[in-house]
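So you can see what is in the structure, the chains are spelled out below.
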Amino acid sequence: MSTASSSSWGTALVRISPYTFSAVGIAVSIGVSVLGAAWGIYITGSSLIGAAIKAPRITSKNLISVIFCEAVAIYGVIVAIILQTKLESVPKSQIYAAESLRAGYAIFASGLIVGFANLVCGLCVGIIGSSCALSDAQNSSLFVKILVIEIFGSALGLFGVIVGIIMSAQATWPTKV
Amino acid sequence: MYGFEAMTFNIHGGYLEAIVRGHRAGLLTTADYNNLCQCESLDDIKMHLSATEYGPYLQNEPSPLHTTTIVEKCTLKLVDDYKHMLCQATEPLSTFLEYITYGHMIDNVVLIVTGTLHERDVQELLEKCHPLGMFDSIATLAVAQNMRELYRLVLVDTPLAPYFSECITSEDLDDMNIEIMRNTLYKAYLEDFYKFCQKLGGTTAEIMSDLLAFEADRRAVNITINSIGTELTRDDRRKLYSNFGLLYPYGHEELAVCEDIDQVRAVMEKYPPYQSIFAKLSYGESQMLDKAFYEEEVKRLCLAFEQQFHYAVFFAYMRLREQEIRNLMWISECVAQNQKSRVHDSVVFIF
């Protein structure tokens, strides 16, 4: 895709302001993470409520599943806050310089990484949490073993946060030339 | 989408699935059955049952107890569970739950029509009906003289209406016709239920197809065995078999021409899942066939609970409870008639 002709798709893409990319990245980071967390919480919560009718002892222990899902939303908030501190203004002449675009793309990608990693993590932990509640209601020795699976599942969100933060750390906007 | 039901099933079905699994945990275990089998009287049975989930239903019954009272109260528990789930369910689960009761409706209709034919009192018949299969105008069934009236007066307003198209004749109702009517209705009901489950798709369709196919095959075998030696022609017999299941269509062709049990056995042994059932019976014996079928059914129903996020658990729970009530009835009858040695002839353990 040559950026030579001024009406090609390539030119159009590089003329989108890096501020737009950064803002969308921050929005995705918090929005999609919260979507994942909410999805996971309702999947776990509905099973937990139903199972707790016949087996009330499971309620307090199984709130851990809900907490793991909630943690996913918190990761999203933390990364969104970090990302928005990375968003700086650059002088007008520098907006479309290569360094600015790089910083904009870095923040965008970081937001995408965190958002989607947390989406699937929240879903994963939610579905496991639902099965955990139902199995715990039948046989209480299963709870701790299924919790280990949930811990592995919630590590997925953490991977996303780590990569996202590393990505955003090198988002340096050009200073005035 | 098959395999991804976990993502959206819990929106409408999560709570009820958890409830039905809680009910399943309350089914009687082998230990309970062993205690019950060693009871000396019906009051002992009541005492043992008071520690299970049937306790609240039996505690106010005065002694001396009858076996029919025990069965009635236990059925009441099943009905309460069912009604609780039905009023909490949304579509399509509510339709699914209603489908489960149409079989009982058919049985009730046949009960009342047969009873009226033998000049029994309508009130007495209504009390014998299964509570899950009651509908509003059921008492009016006693008035009908032939099938066309039956349909026009009563059944056109019930969910059974679409099943009648194949069996409306102007013949008067007599024992033979009523049995044929029962089997024709049940065949239409099973096919309708099967189509509904296929439409639901996903894990529900897969598991329910297996369970309903087994039901259809079992009914085919029972129809064959019961109609050996009667006036039912081969073509009529063929018409009563459902058009799905493992035996369809070649098994049905062979079953239609069977004239005794050994021929039925020869046909069924060609199908691996049923070969194991018939292997348990020695030659010439058919009393244990019912128990063998029940055992196989219970095994498949328990397997339905292995997967999450589908509707077949509701069907499986209802059937397992009914099996449990049959067990309790058998045990109570054995105890009441002092025939405890025969108790294990017909009790199917669920766990």
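Note that the structure is predicted; figures quoted are calculated from it, not measured. (Residues numbered from 1 in each chain as written. Chains lettered and ligands numbered in written order. Predicted model: local features only at pLDDT ≥ 70, side-chain atom pairs only at ≥ 80, totals over all residues. Heavy atoms only, no water.)

*Asks:* Would you mind going over the overall build of chain B with me for this structure?
*Replies:* Within chain B one finds 16 helices and zero strands. Here chain B has a C-alpha radius of gyration of 21 Å; the compact-globule value for 351 residues is 20 Å, and the two agree. Per-residue burial for chain B yields a buried fraction of 52% across its 351 residues. Carbon and sulfur atoms provide 50% of the accessible area of chain B, an area that totals close to 16100 Å². (Helix = DSSP H or I, 4+ residues; strand = E, 2+ residues; numbered from the N terminus. Rg over C-alpha atoms; globule rule 2.2 N^0.38 Å. Buried < 20%, exposed > 50% of the residue type's maximum accessible area, 1.4 Å probe, protein only. Areas by Shrake-Rupley, 256 points an atom, 1.4 Å probe, with all protein chains shown as cover.)

*Asks:* Quick question: what am I supposed to make of the overall build of chain A here?
*Replies:* Helix and strand counts for chain A stand at five helices and zero strands. Considering only C-alpha atoms, chain A reaches an extent of 70 × 30 × 20 Å along its principal axes. Here chain A holds 177 residues, and the buried ones make up 46% of them. Sequence-distant contacts, at least 24 apart, represent 87% of the contacts inside chain A between residues at least 6 apart. Per element, the accessible surface of chain A, about 8600 Å² overall, is 75% carbon and sulfur. Positive and negative side-chain charges in chain A, numbering 9 and 5 respectively, have mean positions lying 3 Å apart. (Contact = heavy atoms within 4.5 Å. Lys, Arg positive; Asp, Glu negative; His and termini not counted. Charge placed at Lys NZ, Arg CZ, Asp CG, Glu CD.)

*Asks:* What am I meant to see in unusual backbone geometry here?
*Replies:* Negative phi is the rule for most residues except glycine; trans is the rule for most peptide bonds. Residues and elements named next belong to chain B. That bond from E91 to P92 is cis: its omega, -10°, falls within 30 degrees of zero. By secondary structure assignment, the location of P92 is in the loop between helix 5 (67-88) and helix 6 (93-117). The omega torsion of the bond from Y248 to P249 falls at -10°, within 30 degrees of zero and hence cis. Position of P249 relative to the elements: it lies in the loop between helix 11 (234-240) and helix 12 (250-256). Phi is positive for F309, which is not a glycine, with a value near 70°. The topology assignment puts F309 in the loop between helix 15 (287-304) and helix 16 (312-336). The backbone of N338 sits at a positive phi, close to 65°, despite the residue not being glycine.

*Asks:* Help me out: how do you make sense of the interface of chain A and chain B in this one?
*Replies:* How large an interface is tends to be reported as the accessible area lost when its parts come together. Contact with chain A, which involves 16 residues of that partner, is made by 17 residues of chain B. Broken down residue by residue, the surface that chain A buries against chain B is led by K54(A), L134(A) and Q138(A), which jointly contribute 37%. Our count for the chain A to chain B interface comes out at one salt bridge. A salt bridge links E53(B) to K54(A), with the nearest nitrogen and oxygen atoms 3.5 Å apart. Summed over the shared surface of chain A and chain B, the number is 10 residue pairs in polar contact (both at pLDDT 80 or more). Looking at the side of chain A that touches chain B, the element that brings in the most residues is helix 2 (residues 18-54) of chain A, giving 10 residues. Tallied by class, residues from the side of chain A that touches chain B come to nine nonpolar, six polar and one charged. (Buried area = accessible area lost by both parts, 1.4 Å probe. Salt bridge = Lys/Arg side-chain N within 4 Å of Asp/Glu carboxyl O. Polar contact = N/O pair within 3.5 Å; in protein donor to acceptor, adjacent residues only side chain to side chain. Nonpolar A, V, L, I, M, F, W, Y, C, P; charged D, E, K, R; others polar.)

*Asks:* Explanation requested: the UniProt feature "domain: V-ATPase proteolipid subunit C-like" (unreviewed entry) in chain A in the structure shown.
*Replies:* All names here are of chain A. The residues that UniProt annotates with the feature "domain: V-ATPase proteolipid subunit C-like" (unreviewed entry) are residues 25-83 and 108-167. Taken end to end, residues 25-83 has its terminal C-alpha atoms 8 Å apart, with 95% of it in helix and 0% in strand. Structurally, residues 108-167 comprises 93% helix and 0% strand, and the distance from its first C-alpha atom to its last is 10 Å. (UniProt positions renumbered as here; feature names shortened; annotations may be inferred.)

*Asks:* Would you take a moment to explain the UniProt feature "transmembrane region" (unreviewed entry) in chain A for this structure?
*Replies:* Residue and element names in this part refer to chain A. As recorded in UniProt, the sites labelled "transmembrane region" (unreviewed entry) are residues 20-42, 63-83, 103-130 and 142-167. In residues 20-42, helix accounts for 100% and strand for 0%; the two terminal C-alpha atoms are 32 Å from one another. Secondary structure within residues 63-83 divides into 100% helix and 0% strand; the distance between the first and last C-alpha atoms comes to 30 Å.

*Asks:* When you look at the pattern of salt bridges in this model, what are you seeing that I'm missing?
*Replies:* It is possible for side chains bearing opposite charge to pair when their charged atoms get close. All names here are of chain B. Within this structure, the stated rule accounts for 25 salt bridges over all chains. A salt bridge links K299 to E296, with the nearest nitrogen and oxygen atoms 3.6 Å apart. Of this pair, K299 and E296 both sit in helix 15, three residues apart, which is roughly one turn of that helix. By relative accessible area, K299 is classed as exposed at 51%. Among the residues examined, E296 registers a relative accessible area of 10% and is labelled buried.

*Asks:* How should the packing of helix 1 (residues 9-25) of chain B against helix 16 of chain B be read in this particular structure?
*Replies:* When two helices pack together, you describe them by how their axes are tilted relative to each other and by the distance separating the axes. Residue and element names in this part refer to chain B. Contact geometry of helix 1 with helix 16 gives a least axis separation of 10 Å together with a crossing angle of 25°. On the basis of their axis angle, the class for helix 1 and helix 16 is roughly parallel. Crossing of helix 1 against helix 16: the hand is left-handed. Here L16, E17, V20, R21, H23 and R24 of helix 1 lie close against helix 16, whose contacting residues are V313, F314, Y317 and R321. Along the lines of polarity and charge, the residues of the contact of helix 1 with helix 16 split into five nonpolar, one polar and four charged. (Axes fitted to C-alpha atoms, helices over the stretch in contact; angles between N-to-C directions. Parallel < 35°, antiparallel > 145°, perpendicular 65-115°, else oblique. Left-handed = near helix turned anticlockwise from the far one by under 90°.)

*Asks:* So what exactly am I meant to see when it comes to the side chain of T75(B) here?
*Replies:* All names here are of chain B. By the element assignment, T75 lies in helix 5. A polar contact is formed between the side chain of T75 and the backbone oxygen of V71, at a distance of 2.6 Å. When residues no more than four places from it in sequence are discounted, the contact partners of T75 are H130, P131 and I325.

*Asks:* Got a minute to help me understand a nonpolar patch on the surface in this structure?
*Replies:* Residues and elements named next belong to chain A. Residues L156, L158, F159, I162, V163 and I166 make up a contiguous nonpolar surface patch of about 540 Å² in total accessible area. In this fold, L158 is placed in helix 5 (residues 143-169). Judged by its relative accessible area of 37%, L158 is partly exposed. (Patch = residues over 30% accessible without salt bridge, like charges linked within 9 Å, V, L, I, M, F, W, Y side chains within 5 Å.)

*Asks:* How do you make sense of the confidence of the model for chain A when you look at a structure like this?
*Replies:* Any segment with low pLDDT has predicted coordinates that should not be analysed in fine detail. On average, residues of chain A carry a pLDDT of 92, and 97% of them reach 70 or more. Within chain A, helix 1 (residues 9-14) of chain A has the poorest average pLDDT of any element, 87, and helix 2 of chain A the best, 96. (pLDDT = per-residue confidence, 0-100.)

*Asks:* Would you explain the nonpolar core in this entry?
*Replies:* As a rule of thumb, soluble globular proteins bury nonpolar side chains together. All names here are of chain B. In this structure, F96, F193 and F314 are the most contacted members of the largest nonpolar core, which totals 91 residues. The biggest single contributor to this core is helix 16, with 13 residues. One finds I223, L240, V267 and I277 within the second-largest nonpolar core, a separate group that totals 23 residues. (Core = buried A, V, L, I, M, F, W, Y, C linked by side-chain atoms within 4.5 Å.)

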